[in-house]
Amino acid sequence: MVYSWTDKHGKQRCGTWSRGVRQAFKWGAAHAYLQKSLGRVLPKWKSTSTENGSVQLTSAIRSKHAEHTLQCLEKLRNNRLGVMESSQNCRRGARQIRLEDGSQPFVTIQTATKELLAFDLSPKFGPFMSRTRQERIARALNFDIQVPHLITEIVRVFPELATPNESWLDLIDARHHNSPENPPARAITSTFTLDFLLRPKESRAVLGSVIRDKNIRHQTRRRLIQVITGTFPTGKWLHKIGKHPTAACELCRKAYIAQHRPVPEFLPIQSMAHIQSAECLGMTDMVTKAHHMCWEELQQDLMKNSQARMKFITIHQEMSFKTLISHEDFIRELKLETELHDPLEEIWNVARDQEMSRELTEEEKTLTQPLSEQHFEDRFWRRRPDGIAINGKDKAVFVLEFTRPDDSRDDFITRTEERKNERYRSFVNALTSWLNCRPTSEEEGAWKVEQINFTTGVRGSIDEVAFSKNLAKLLVPAIKVKAIRERQARRALATLDTVLKFYRALTYGHAPSQSTVLAPGIVG
Ligand SMILES: [Zn+2]
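Counting of residues starts from 1 at the beginning of each chain's written sequence and follows it residue by residue. Per-residue local features of the predicted model are confined to residues with pLDDT of at least 70, and side-chain atom pairs are confined, for both listing and counting, to 80 or more; whole-chain, interface and lining totals are unaffected and use all residues. Hydrogen atoms and water are omitted, and side-chain values are computed over all heavy atoms in the structure.

As for the nonpolar core
So, point 1. Buried Ala, Val, Leu, Ile, Met, Phe, Trp, Tyr and Cys residues that are joined via side-chain atoms within 4.5 Å together make up what is termed a nonpolar core. Think of it in three bands: residues with accessible area under 20% of the maximum for their type are buried, residues over 50% are exposed, and the middle band is partly exposed, with areas taken using a 1.4 Å probe on protein chains only. Residues Met283, Leu400, Phe454 and Leu474 are the most contacted members of the largest nonpolar core, which totals 53 residues.
So, point 2. The numbering of helices and of strands both runs from the N terminus, where a helix is a DSSP run of H or I of at least 4 residues and a strand a run of E of at least 2. When residues in this core are grouped by element, the largest group, 10 residues, is from helix α26 (residues 478–508).
So, point 3. Setting aside residues up to four positions removed in sequence, methionine 283 forms contacts with Leu251, Ile275, Val499, Phe502, Tyr503 and Leu506. When checking whether two residues touch, look at their non-hydrogen atoms; a contact exists if any pair is within 4.5 Å.

Structure representation (structure tokens):
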């Protein structure tokens, strides 16, 4: 018996029973499930749709279109919807369509769009979410599925509707990513887990390969699945399934007692995001360590793979701006012609206005006496970024920042971005103008100081596009980017496991060892 199938790259394959055929079955089953889940998106869309760009198109789809998929088609075929007065049609940009019975109704672009959407949503013509319209029509024809004559006519007469560059999955992605300020309250698909797994270009493949890898300890992989599915036994989950009287964070309570501070009436809820953040008093040290574990090795990796002229000055230890400015490696790269007199004062003179107009921190707001200039200057020089890279040849300085935020929502990058940029803005601006005011050796061009933010989600989400862009700036060859990103995603998952083990030890009273040993097997 010979099987023939289309693989996930759209290539036609055939062969007798083999591993490949079995894989194709598995992939097909998963794909069918995916289609079914994504089909549930539409009614929800109705409640969250917005009126901008490509999303406008999709907001026109009301759930009734999903329900009465082919009704519209029937109507148009009966020639009732399509016929209009020709003068009106010219105004509305209508075009003529020849139907099977030989009649030639005018159809406006709006009607044509509606019909195509109805076609998109009909399961009869195969999966629609991950294919563009044209690919879907081609696939249907390939499988001997009769595509309505009307649809092929619409596609012929309205070529601009025939080849949207985006599949539905892309549209959902756009919808999902375009509104961080107005996130949907409910899962976009059927569950938050599926939402998470379907977010494109976020290194999910690494997650899949870790969960499947039989060489990694079973317990590690089980914990990972618990985190992804939101069933890891945090206080919140245990409370939800009735195993715990309250969802409040027990670790925070213990920390208050240990520090002899009064326990507040309302403790934070112990969610996964809470125990992975420094907000949880019991986990603060561990979370800080986790940040360093993820960042230090990434920085090493960047240095190893970047071109030699990019110098990572903080590779061995973080340093404050004050230390950095007088650091010999930094000075050497500047290639100054004259001796530096008092760089700290010169830079501060440039930075003063911007730094002093920054918003005060919560701590500063509680101070009673007015803040002196010295206070702001100290604050300015004390700030320490996660890394500094300098490239004297191309006259570029990079302030590197690393964050390991909760990535259950897809705005995990943008949420922290502005705050991080704001923190170093005064330094970046002051250093730029200071460097460009100094006479340097013969090289042409102006100095450029830029901040680069690296974000690796707690569950290993890394924005593939942003990551590649960052690495290109640091002169890492494009060919090495994928391997570095995958290593980083694995590192994040290993770190997650270490943090969870620590949490468990702290909660159930085993001796907690703040081990920095990563979960064996994941990073190798
Ligand atoms: Zn807590």
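Details of the pairing of strand β7 (residues 396–403)
Regular strands have side chains that alternate between both faces of the sheet.
So, point 1. The buried fraction of β7 is high, at eight of eight residues.
So, point 2. Residue alternation in β7 divides its side chains into two sets, Ala396, Phe398, Leu400 and Phe402 and Val397, Val399, Glu401 and Thr403, and both sets are buried.
So, point 3. Strands qualify as paired when DSSP identifies two bridges or more between them. The pairing of strand β6 (residues 387–391) with β7 spans five bridges and is classified as antiparallel. Bridging from a neighbouring strand, asparagine 391 pairs with alanine 396 of β7.
So, point 4. Counted along the chain from β6 to the antiparallel partner β7, the turn is four residues long, and its residue lysine 395 has a positive phi close to 55 degrees.

Some thoughts on the coordination of the zinc ion
So, point 1. Excluding water, the donors of a metal are its N, O and S neighbours within 2.8 Å, or within 3.2 Å for Na, K and Ca, and that exclusion means sites may look incomplete. Donor atoms from the polypeptide that coordinate the zinc ion comprise Cys249 (SG), Cys252 (SG), His274 (NE2) and Cys280 (SG), at 2.1 to 2.3 Å from the metal.
So, point 2. A site with four donors is called tetrahedral when every donor-metal-donor angle falls between 85 and 135 degrees; four donors are called square planar, and six octahedral, when opposite donors sit more than 155 degrees apart and all other angles fall between 65 and 115; any other arrangement is irregular. What the four donor atoms of the zinc ion show is an angle range of 103 to 120 degrees at the metal, which sorts the shape as tetrahedral.

Some words on the packing of helix α25 (residues 464–473) against α26
So, point 1. Note on definitions: angles span 0 to 180 degrees between N-to-C directions of axes, and those axes are lines fitted to C-alpha atoms, for helices only across the stretch in contact. Interaxial distance between α25 and α26 falls to 10 Å at its minimum, and their mutual angle equals 120 degrees. Classed by the angle they form, the pair α25 and α26 counts as oblique. α26 is crossed by α25, and the crossing has right-handed handedness. Packed against α25, whose contacting residues are Glu464, Phe467, Ser468 and Leu471, the element α26 presents Val481, Ile484 and Arg485 at the interface.
So, point 2. Three categories are distinguished: nonpolar for Ala, Val, Leu, Ile, Met, Phe, Trp, Tyr, Cys and Pro, charged for Asp, Glu, Lys and Arg, and polar for the others, with Gly belonging to the last. Class assignment for the residues of the contact of α25 with α26 results in four nonpolar, one polar and two charged. With respect to orientation, any angle under 35 degrees is reported as roughly parallel, any angle over 145 as roughly antiparallel, any angle of 65 to 115 as roughly perpendicular, and every other angle as oblique. The crossing is said to be left-handed when, going from far helix to near helix, the turn is anticlockwise and less than a right angle, and right-handed when the turn is clockwise.

Let's talk about the pairing of strand β8 (residues 448–455)
So, point 1. The buried fraction of β8 is high, at six of eight residues.
So, point 2. In this sheet, β8 lies alongside β7 in parallel orientation, the contact comprising eight bridges. Looking across to β8, one finds that phenylalanine 402 is bridged to phenylalanine 454.

A word on the sheet that holds β8
So, point 1. One open sheet holds the four strands; their spatial order is β5-β6-β7-β8, and the pairing between them is mixed. One side of each edge strand has no neighbouring strand; the edge strands of this open sheet are β5 (311–312) and β8.
So, point 2. Across the face of the sheet, α25 comes into contact with β7 and β8 while running at roughly 145 degrees to β8.

Re the side chain of arginine 383
So, point 1. Relative to the helices and strands, arginine 383 is located in the loop between α23 (373–382) and β6.
So, point 2. The buried category is assigned to arginine 383, whose relative accessible area is 10%.
So, point 3. Each polar contact in these results corresponds to two N or O atoms within 3.5 Å; when the atoms are within protein, one needs to be able to donate a hydrogen and the other to accept it, and residues that are neighboring in sequence are counted only if both atoms are side-chain atoms. Of note is the side chain of arginine 383, whose polar atom sits 2.9 Å from the backbone oxygen of arginine 423.
So, point 4. Apart from residues lying up to four places away in sequence, arginine 383 is in contact with Ser320, Phe321, Glu355, Arg358, Arg423, Tyr424 and Ser426.

Read these as layout, nothing more, since geometry by itself doesn't imply function.
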